There are 2 protein chains.
Amino acid sequence: MQLKQRISPVNNLLAGLTEVEYQRLMTKFETIDLKLNDVICNAGDPIHYVYFPIKSIIALMNHLDADKNLEVGMIGNEGMLGSTLLLGVNTAPFRAVVQNTGATLRMPAATFNHELQQSLVFEQQLKRYLYISLSQFVQNATCNRFHVIEERLACLLLRIRDRVQSQSFHVTQESLAQMLGVRRVGVTMAAKALQHKKIISYSRGNLKIHDNAGLEAMSCSCYQTNNETYTRILMPELFNT
Amino acid sequence: MQLKQRISPVNNLLAGLTEVEYQRLMTKFETIDLKLNDVICNAGDPIHYVYFPIKSIIALMNHLDADKNLEVGMIGNEGMLGSTLLLGVNTAPFRAVVQNTGATLRMPAATFNHELQQSLVFEQQLKRYLYISLSQFVQNATCNRFHVIEERLACLLLRIRDRVQSQSFHVTQESLAQMLGVRRVGVTMAAKALQHKKIISYSRGNLKIHDNAGLEAMSCSCYQTNNETYTRILMPELFNT
DNA sequence: AGATTTATGTGTGATAGCGAACAGACGCAA
DNA sequence: TTGCGTCTGTTCGCTATCACACATAAATCT
């Protein structure tokens, strides 16, 4: 099951708002371009802005020791960076790295806090999103504990695909390795296996998915689980399993 | 560094309240005894009660597949079960299992939601606790991905010690194995190593810590990290590192 | 006292992933 | 064209952990 997304021209968290609320919010945003590999913040940093990706992807990395990092969350146009402001804490829990260039809405943290007071629907939506994030962070981190690299790679590629909304995108094996918390060689092996099965093709960072169903079959159940959580909590009207 | 706890006769999350607020809340609680291995809820269950442990310990388990479970959070008298109600979602994100028998305060979810409206300090305190939980869940899950069993076991024992507030407690290797997401044999090995180093003694579930400093030295940095997060967010006045 | 359950210890082989080092291959730029 | 940086592929020995099976020992029950 692919992630069912409500049609939204910009960011799915802004869907469900009334036209008035939406227009009002848009005056508070500025649109910027995030650049690949930019570090938006490190864990513990004060939060200056919140980000609502339109085409970009932001990866949340949990850092343990040197060379022990793990991607625990991925933010595309289904989510936002900075939702922990809802809890009245203005420091970032994780490092945030740009994984895919693209247009992004940005709003100062103070403005965001103020806007939350103005729209109950908006606040409600974002509280639910924070709940989803919590669930998915743990699911992803646990997944990396138990599942083998090939499953996790498939899972990761599907999550990227959903967010760039395209069958082909650019991502190096080195970058995938960092997200999965494994050596690059491990990704090389897993990617080769997926290529042999004609599921993907991969050349110098240019990745193309040929067989969506095959890739979902190769991935662990965590992909499904995460999507179901998102749909169940944020869009229960679409949830009919 | 051991977890610095504000002195509180019952539960640390109730510290910081005014006497009036505190007394008011206490009329809404009932005190119950949680029984070892009781499953309070499974992931996805509706939340009927929130729990504030006094002497008990509740472990939060994330379930992947059969036989693939991981403890992601531990709740003693420094925390509570059910804080995700703050996000307006009334389903439990994780399975909650009683790891240590003992007195516990309990309040119906509806009452809890109502009480949050009555005390800004209380709500603020719990929002911060939820932020801490989020950080720690991810930290624990990531820890289990990267660190070796012996480090993780040391870490786990310290966390239990802090919550029972005693150098000796009862816990079987089987139970530790489930929390760590490893085979019992793995725990046997790690525990044996700790015994040889005279750090603990262990016999048929009766565990005693002899060397606190030694145990902290054996544990991974995650123990420290988690404690620092707790202190920094919830009790910044005690945070002077 | 004997039987049963619970808790811990041991042993053997398999394997996923690690660390390190190196080799080719493509692309851009001087 | 030459060179250099980036990206991918390959190999080798090593280790933590796994799965499975069995052995011992203490506690509890009859």
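Residues numbered from 1 in each chain as written. Chains lettered and ligands numbered in written order. Predicted model: local features only at pLDDT ≥ 70, side-chain atom pairs only at ≥ 80, totals over all residues.

It is worth spelling out the overall build of chain A at this point. Scanning chain A from N- to C-terminus turns up eight helices and 10 strands. At 18 Å, chain A has a C-alpha radius of gyration in line with the 18 Å of a compact globule built from 241 residues. Over its C-alpha atoms, taken along the principal directions, chain A stretches across nearly 55 × 40 × 30 Å. Buried residues in chain A amount to 47% of all 241 residues. For chain A, the proportion of contacts with a sequence separation of at least 24, taken over those separated by at least 6, is 74%. (Helix = DSSP H or I, 4+ residues; strand = E, 2+ residues; numbered from the N terminus. Rg over C-alpha atoms; globule rule 2.2 N^0.38 Å. Buried ≥ 20, exposed ≤ 12 C-beta atoms within 10 Å, placed from the backbone. Contact = placed C-beta atoms within 7 Å.)

A separate point is the interface of chain B and chain A. The partner chain A presents 28 residues to the 28 residues of chain B that form the contact. Taken together, the elements giving at least two residues each to the side of chain B that touches chain A come down to strand 5 (69-75) and helix 3 (120-146) of chain B. At 16 residues, the largest contribution of residues to the side of chain B that touches chain A is made by helix 3 of chain B.

Our next topic: the protein's contact with DNA strand C. The full set close to DNA strand C counts 18 residues, and A:V148, A:V182, A:G186, B:T172 and B:Q173 are the nearest of them. Breaking the surface near DNA strand C down by element, the ones donating at least two residues are helix 6 (184-196) of chain A together with helix 5 (173-180) and helix 6 (184-196) of chain B. (Near = placed C-beta within 6 Å.)

Judged by nonpolar contacts, the single largest core of 144 residues is most densely connected at A:I58, A:A96, A:L153, B:I58, B:A96 and B:L153. With sequence-adjacent residues up to four places away left out, A:A96 is seen in contact with A:I40, A:C41, A:I58, A:L60 and A:L81. (Core = buried A, V, L, I, M, F, W, Y, C linked by C-beta atoms within 7 Å.)

Here we take up the environment of B:T172. Residue and element names in this part refer to chain B. Turning to its location among the elements, T172 is positioned in the loop between strand 8 (168-170) and helix 5. Looking at T172, the number of C-beta atoms within 10 Å reads 15, which means it is partly exposed. Considering only alpha carbons, one finds T172 and N206, 34 residues apart in sequence, at a separation of 7.7 Å.

The next subject is the sheet that holds strand 7 (residues 102-108) of chain B. Residues and elements named next belong to chain B. Pairing within the open sheet is antiparallel, and its three strands lie in the order 1-7-3. Taken across any chain shown, the strands that pair with only one partner, and hence form the sheet edges, are strand 1 (30-34) and strand 3 (49-53). On average, adjacent strands in this sheet sit at an angle of 40° to one another, irrespective of strand direction. Pairing between strand 3 and strand 7: five bridges, direction antiparallel. Note that in strand 7 the partner of Y49 across the bridge is P108. In the packing of helix 2 (residues 109-118) onto the sheet, contacts are made with strand 3 and strand 7, and the angle to strand 7 comes to roughly 75°. (Pairing = 2+ DSSP bridges. Axes fitted to C-alpha atoms, helices over the stretch in contact; angles between N-to-C directions.)

This brings us to the relation of the copies chain B and chain A. Each copy superposes on the other: chain B lies on chain A with an RMSD of 0.0 Å after a rotation of 180° and an axial shift of 0.0 Å. Between the two chains, the operation in question is that of a two-fold axis. In terms of C-alpha distance to the rotation axis, chain B has B:R145 as its closest residue, with the C-alpha 2.2 Å off the axis. A shared interface surface links the copies, since 100% of the contact residues of chain B are contact residues in chain A too. (Least-squares fit on C-alpha atoms with pLDDT ≥ 70 in both.)

A few words now on the protein's contact with DNA strand D. Surrounding DNA strand D, one finds 18 residues, the nearest of these being A:T172, A:Q173, B:V148, B:V182 and B:G186. For the surface near DNA strand D, the element with the most residues is helix 6 of chain A, which contributes five residues. A class-by-class count of the residues in the surface near DNA strand D yields seven nonpolar, five polar and six charged. (Nonpolar A, V, L, I, M, F, W, Y, C, P; charged D, E, K, R; others polar.)

Here we come to the confidence of the model for chain A. Residue and element names in this part refer to chain A. Here chain A averages 92 in pLDDT, while 94% of its residues score no lower than 70. The weakest mean pLDDT in chain A belongs to strand 9 (residues 200-203) at 89; the strongest belongs to strand 3 (residues 49-53) at 98. Across residues 1-7, confidence stays below pLDDT 50; counting only partners more than four residues off in sequence or on other chains, it has 13 contacts. (pLDDT = per-residue confidence, 0-100.)

So, about the sheet that holds strand 7 (residues 102-108) of chain A. Residues and elements named next belong to chain A. Taking strand neighbours across the sheet as the criterion, the three strands line up as 1-7-3 in an open arrangement whose pairing is antiparallel. Sheet topology places strand 1 (30-34) and strand 3 at the edges, where each strand pairs with a single neighbour. On average, adjacent strands in this sheet sit at an angle of 40° to one another, irrespective of strand direction. Pairing analysis gives five bridges linking strand 1 to strand 7, with the strands arranged antiparallel. Residue pairing for strand 7: T31 is matched across the bridge by L105. Against the sheet, helix 2 (residues 109-118) touches strand 3 and strand 7, its axis set at about 75° to strand 7.

Turning next to the packing of helix 3 (residues 120-146) of chain A against helix 3 of chain B. Across the interface, helix 3 of chain A lies against helix 3 of chain B with an axial gap of 7 Å and an inter-helix angle of 10°. Comparing their axes, helix 3 of chain B and helix 3 of chain A come out roughly parallel. In contact with A:L134, A:F137, A:V138, A:A141, A:T142, A:N144 and A:R145 of helix 3 of chain A, helix 3 of chain B contributes B:L134, B:F137, B:V138, B:A141, B:T142, B:N144 and B:R145. Its residues assigned to classes, the contact of helix 3 of chain A with helix 3 of chain B comprises eight nonpolar, four polar and two charged. (Parallel < 35°, antiparallel > 145°, perpendicular 65-115°, else oblique.)

Angle between the axes and distance between the axes are the two parameters that describe a pair of packed helices. Residue and element names in this part refer to chain B. For the pair helix 4 (residues 149-164) and helix 6, interaxial distance at closest approach is 9 Å and the crossing angle is 75°. The orientation of helix 4 with respect to helix 6, classified from their angle, is roughly perpendicular. Contact with helix 4, carried on its side by I149, E150, L153 and A154, involves G186, V187, A190, A191, A193 and L194 of helix 6 and no other residues of that element. Residue classes in the contact of helix 4 with helix 6 are distributed as eight nonpolar, one polar and one charged.

This next bit is on helix 4 of chain B. Residues and elements named next belong to chain B. Taking 1.5 Å as the rise per residue, helix 4 with 16 residues should run 22 Å; its terminal C-alpha atoms sit 22 Å apart, in good agreement. Within helix 4, 12 of the 16 residues are buried, which leaves it mostly tucked inside the rest of the structure. Considered for burial, the residues of helix 4 that qualify are I149, E150, R152, L153, A154, C155, L156, L157, L158, R159, I160 and R163. In the segment just after helix 4, Q165 is the residue with positive phi, at about 55°. (Expected span 1.5 Å × (residues − 1).)

The subject of this paragraph is the environment of B:Q125. Residues and elements named next belong to chain B. Counting through the fold element by element, Q125 comes out in helix 3. Sequence separation between Q125 and L17 is 108 residues, and the spatial gap between their C-alpha atoms is 9.2 Å. Excluding residues within four positions of it along the chain, Q125 makes contact with L13 and G16.

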